[in-house]
Amino acid sequence: MQKTFSVKNLIILAAVVFSLGACKSGGSSGKKKSKSSVTGWNYDDKNMGNYHVSKMKYPKAGPGLVFVQGGTFVMGAKDEDVMGDWNNIPRRITVPSFFIDETEVANVHYREYIYWLENTFAGDTTVMAKALPDTLCWREELAYNEPYVEYYFRYPAYNYYPVVGVSWQQAHDFCIWRTDRVNELTLLQKGYLKKDFAKKEMRGGGAEGSFNTETYLMNPELIQGRTKPKKSELKDVSGKPRANVKMEDGLLNMGYRLPTEAEWEYAAYGLLDQNPNPRKKEGKSGEELISNQQIYSWSKNPNGLRDNRRGSWQGKFLANFKRGSGDNMGVAGGLNDRSAIPGNIKAFYPNSFGIYNMSGNVAEWVQDVYRPSTPTDGEDFNYFRGNKFDKYYKNSSGEFERDSLGHLKKTAVSDEEVKNRRNYQHNSLSGYLDGDSTSGAFYQYGVTTLVSDKSRVFKGGSWNDRPYWLSPGARRFLEEDQSSSTIGFRCAQTYMGSPEGAGFKEGNIFGKRKQNSRKKQ
């Protein structure tokens, strides 16, 4: 029996066909295109150049990171300066919001880095020698620490203990490697690298066959194994899927790095717990108040070393440190901090930002070059010492080149290039106002001082330090190519967007209401 369409069905069918046609042509029922408020041109319109503007998005924390809401705080000494160094004079500064590692980088994480290098740069002893931690840092003239020399870094019992024996330079290199692996994974998952890219990379790919974020962004042609997905919202000028991802697409991680001294100290205090009424959601107001001054990184009993709240943990130490001469762990049957050497990276309470062991366990490298007068000289916004401005190197043919690790080569910006700038006139500012001709202070390393342009700050106190060094305001230094059994590190990442984080607006939004307008009574 042949079916026939009723008039009603024909009307419905015609409406559907018209609707589909309108959608396809971008008609009134189709998806409305966003447009430029300065030119009127449509975005993502192949008839108008197909300029793509990613949706408004805030960067997400990379693997292992937590969000730290920035703000103002008093940086520097919170206790008597018993060392008489006068290198941490208190001063109010502002730190923008950022991400930082929840824990210290552990042995298992650093071994993952070593494993990647061993396979990607197979047989290259120079690369391995540069990256391997110095396990001999455990040796002492009058102590039997050979078991730690042999086993601490590699034995599975210590997988999640903080890596030590890592110099500042090695920690810096680890951050670059970590950035590259996170971004490589993103491009693999999005279809911008071939599926077997990582496999080939770790079968002796070397410098030419490995992925590096800066190389990919500056000259993607140097990255072997690129491809493009069949479907993507990222289109070229012809409306076809684009071959490369750009930073403005919002897909790539902005990069892991060592935290600045100011960021590290601010994150350590976790001042949210000292605010009696912080803003927890949009539309609500918060207090501008810090109720207690902290000496250490924990918020409960902020000036003491033990948990003072009633319960089974009352009286327990809140960090892994050395209580006194010859007492690193307490008495058998009642070990006080239950750690003889560095302990598990998630032992003890995290602070209000969710960060573990900012006081004790291991001291940690930060990004800054050390100078005793920086607390008084540094800017009060984004305080940092150690700027050295570079640019990407190009050969005589105007081409970028990669170094032995696959990173783009860089060269220093000359003073001649910046001499007419108003905000800076030198490419290296490590000694600015404290170690240059302007200051009249000069550091003769090994003659009159141990301070140099390679001296890097470390913070936080360790398993073998007395309580004084556990205060985040305390600061010490070591040469960037040296290491210790008491120093580890954690990574940070820059955050861009609303300072209160995702889900919050930026600024006080009053809408279109005029300031002097009033509702009629």
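In what follows, the accompanying structure is described. (Residues numbered from 1 in each chain as written. Predicted model: local features only at pLDDT ≥ 70, side-chain atom pairs only at ≥ 80, totals over all residues. Heavy atoms only, no water.)

## So, empty space enclosed by the protein
Tallied over the full model, the rule gives four cavities of 30 Å³ or more. The volume enclosed by the largest cavity comes to roughly 180 Å³. Taken together, 18 residues make up the lining of the largest cavity; nearest its centre are Y113, L117, W177, L405 and H407. Of all elements in the fold, only α2 (107-120), α3 (125-131) and α5 (168-190) reach the threshold of two or more residues within the lining of the largest cavity. Considering each element in turn, the lining of the largest cavity owes the most residues, six residues, to α5. Residues of the lining of the largest cavity, tallied by class, amount to 10 nonpolar, four polar and four charged. (1 Å grid on protein atoms, 1.4 Å probe; cavity = no way out; pocket = protein on both sides within 12 Å on 5 of 7 lines; lining within 4 Å. Points joined across faces, edges and corners; volume = space filled by probe spheres on them. Helix = DSSP H or I, 4+ residues; strand = E, 2+ residues; numbered from the N terminus. Nonpolar A, V, L, I, M, F, W, Y, C, P; charged D, E, K, R; others polar.)

## Here's the deal with the sheet that holds strand β1 (residues 65-68)
The strand order β1-β4-β12-β5 describes an open sheet built from four strands, whose pairing is antiparallel. Looking at the sheet topology across the chains shown, the edges are occupied by β1 and β5 (256-257). Note: strand β4 (residues 98-101) against strand β12 (residues 492-494), three bridges, orientation antiparallel. By the bridge assignment, F98 is partnered in β12 with T494. Along the sheet, helix α9 (residues 261-269) contacts β1, β4, β5 and β12; its crossing angle with β4, the most-contacted strand, is approximately 75°. (Pairing = 2+ DSSP bridges. Contact = heavy atoms within 4.5 Å. Axes fitted to C-alpha atoms, helices over the stretch in contact; angles between N-to-C directions.)

## Let's talk about the nonpolar core
Ranked by internal contacts, the top residues of the largest apolar core, which has 33 residues, are Y110, Y113, L117, F174, W365 and F489. Listed by contribution, the elements that provide at least two residues to this core are α2, α3, α5 and β6 (363-369). With six residues, the top contributor of residues to this core is α5. Setting aside residues no more than four positions away along its own chain, F489 makes contact with E104, V105, Y110, V163, V166, A171, F174, L258, E364 and W365. Among the nonpolar cores identified, the runner-up in size contains 24 residues, and F98, I100, M358 and Y383 belong to it. (Core = buried A, V, L, I, M, F, W, Y, C linked by side-chain atoms within 4.5 Å. Buried < 20%, exposed > 50% of the residue type's maximum accessible area, 1.4 Å probe, protein only.)

## A closer look at the pattern of salt bridges
Scanning all chains against the criterion turns up 24 salt bridges. Note that E261 is salt-bridged to R475, the shortest N-O span being 2.7 Å. With E261 in helix α9 and R475 in the loop between β9 (455-459) and β10 (476-479), this residue pair connects regions lying 214 residues apart in the sequence. Between D307 and R309 there is a salt bridge; the shortest N-O distance is 3.4 Å. For D307, a relative accessible area of 5% puts it in the buried group. Take R309: its relative accessible area is 37%, and that puts it in the partly exposed class. Ionic contacts of the salt-bridge type, sharing partners, join the residues E261, E265, K459 and R475 into one network. (Salt bridge = Lys/Arg side-chain N within 4 Å of Asp/Glu carboxyl O.)

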